[in-house]
Amino acid sequence: MLDASTNWNIGSFVPVFWVLLSLSLQHRLERERKRGEMVMWVFGYGSLIWKAGFDYDDRLVGFIKGYRRVFYQGSTDHRGTPEYPGRTVTLEPAGGEVCWGIAYKITKKEDEETAFTYLEEPSATTPAVSGVMVYIASPDKKLNKNYLGPESLENIAKQIVCAQGPSGPNRDYLFQLERSLLEIGCEDKHVMDLANEVRRMIQDGKQQEQ
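Residues numbered from 1 in each chain as written. Predicted model: local features only at pLDDT ≥ 70, side-chain atom pairs only at ≥ 80, totals over all residues. Heavy atoms only, no water.

### Brief notes about the pairing of strand β1 (residues 40-44)
The cut-off we apply is this: Residue exposure (1.4 Å probe, protein chains only): buried if accessible area is under 20% of the type maximum, exposed if over 50%, otherwise partly exposed. A helix here means a DSSP run of H or I that spans at least four residues, while a strand means a run of E at least two residues long, and both kinds are numbered starting from the N terminus. Whether two strands pair depends on DSSP finding at least two bridges between them.
Here β1 lies mainly inside the structure; 5 of its 5 residues are buried. Relative to strand β3 (residues 86-106), β1 runs antiparallel, the two being bridged by 5 bridges. Counted as the bridge partner of tryptophan 41 is lysine 105 from β3.

This is how it looks when you write it as structure tokens:
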């Protein structure tokens, strides 16, 4: 989640081009502000791509600049357990890279409240940005006890193969994310390499059982 002590720049979160629009999202936001519209935009880069979990008025494919998607966040309540956490995605700064995802437009107050409830964990803080909201897991273990951080591709894959929680196997989260990204035309190398490694491990395991 966003670290409240960090000074976030709205420019980091507004993409310069949106696939389904003739104008950039930034121009669209400016037009909405001029019309006095009270609008919230939420950018999803993980499970929000295929499952919003809240009502919205519009859904747009796009990207944010200067960040990359990584499987560094532990999941102890959905794709894993406290004893054996799964791994889900967060963002980390990465100069020159872009992260594709889905932006959701929310205009109704009750829908905004539902979205906040759905998106925030107890330790989360509301991002101090306007226009487009992005939730990022803090790498500070004092603020985010479930942050797992970087590991080798093989070790992350092993953890994903074995982890399972109330929302299902961790591997399903990975495969659904890979599939959803490909559906919007995004080939995320980190996600695809990890998915291929998990598939290899699953196949090797099946062969050993035979």
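### A closer look at the nonpolar core
Put simply, the rule is: To define a nonpolar core, start from buried Ala, Val, Leu, Ile, Met, Phe, Trp, Tyr and Cys residues and group those joined through side-chain atoms within 4.5 Å. Between two residues, a contact is recorded if the distance between any of their heavy atoms is within 4.5 Å.
Within the largest apolar cluster, 45 residues are counted, with the highest numbers of intra-cluster contacts made by Phe71, Leu91, Leu174 and Val198. Mapped onto this core, the elements with two or more residues apiece are β1, β2 (58-75), β3, α3 (153-162), α4 (170-183) and α5 (189-209). For valine 198, the residues in contact, after removing those within four places along its chain, are Ala157, Ile160, Val161, Arg171, Leu174 and Phe175.

### Let's talk about the packing of aromatic side chains
For any pair of aromatic rings, the description consists of the separation of the ring centres together with the inter-plane angle of the planes. Stated formally: Note on ring pairs: Phe, Tyr and Trp rings are taken, using the six-membered ring of Trp, and paired if centres are within 6.5 Å. Classes follow the plane angle, with under 30 degrees stacked, over 60 edge-to-face and the rest tilted.
Evaluated as defined, the whole model comprises 5 aromatic pairs. The interplanar angle of 65 degrees and the centroid separation of 4.9 Å between the aromatic rings of phenylalanine 63 and tryptophan 100 together place this pair among those described as edge-to-face. In this pair, phenylalanine 63 is assigned in strand β2 and tryptophan 100 in strand β3, connecting sequence segments 37 residues apart. Residue class for tryptophan 100 comes out partly exposed when judged on its relative accessible area of 21%. Ring geometry for phenylalanine 71 against tyrosine 173: centres 5.9 Å apart, planes inclined by 85 degrees, an arrangement best described as edge-to-face. With a gap of 102 residues between them, phenylalanine 71 in strand β2 and tyrosine 173 in helix α4 connect regions that are remote in the sequence. Taking the relative accessible area as the measure of exposure, phenylalanine 71 reaches 0% and is therefore buried.

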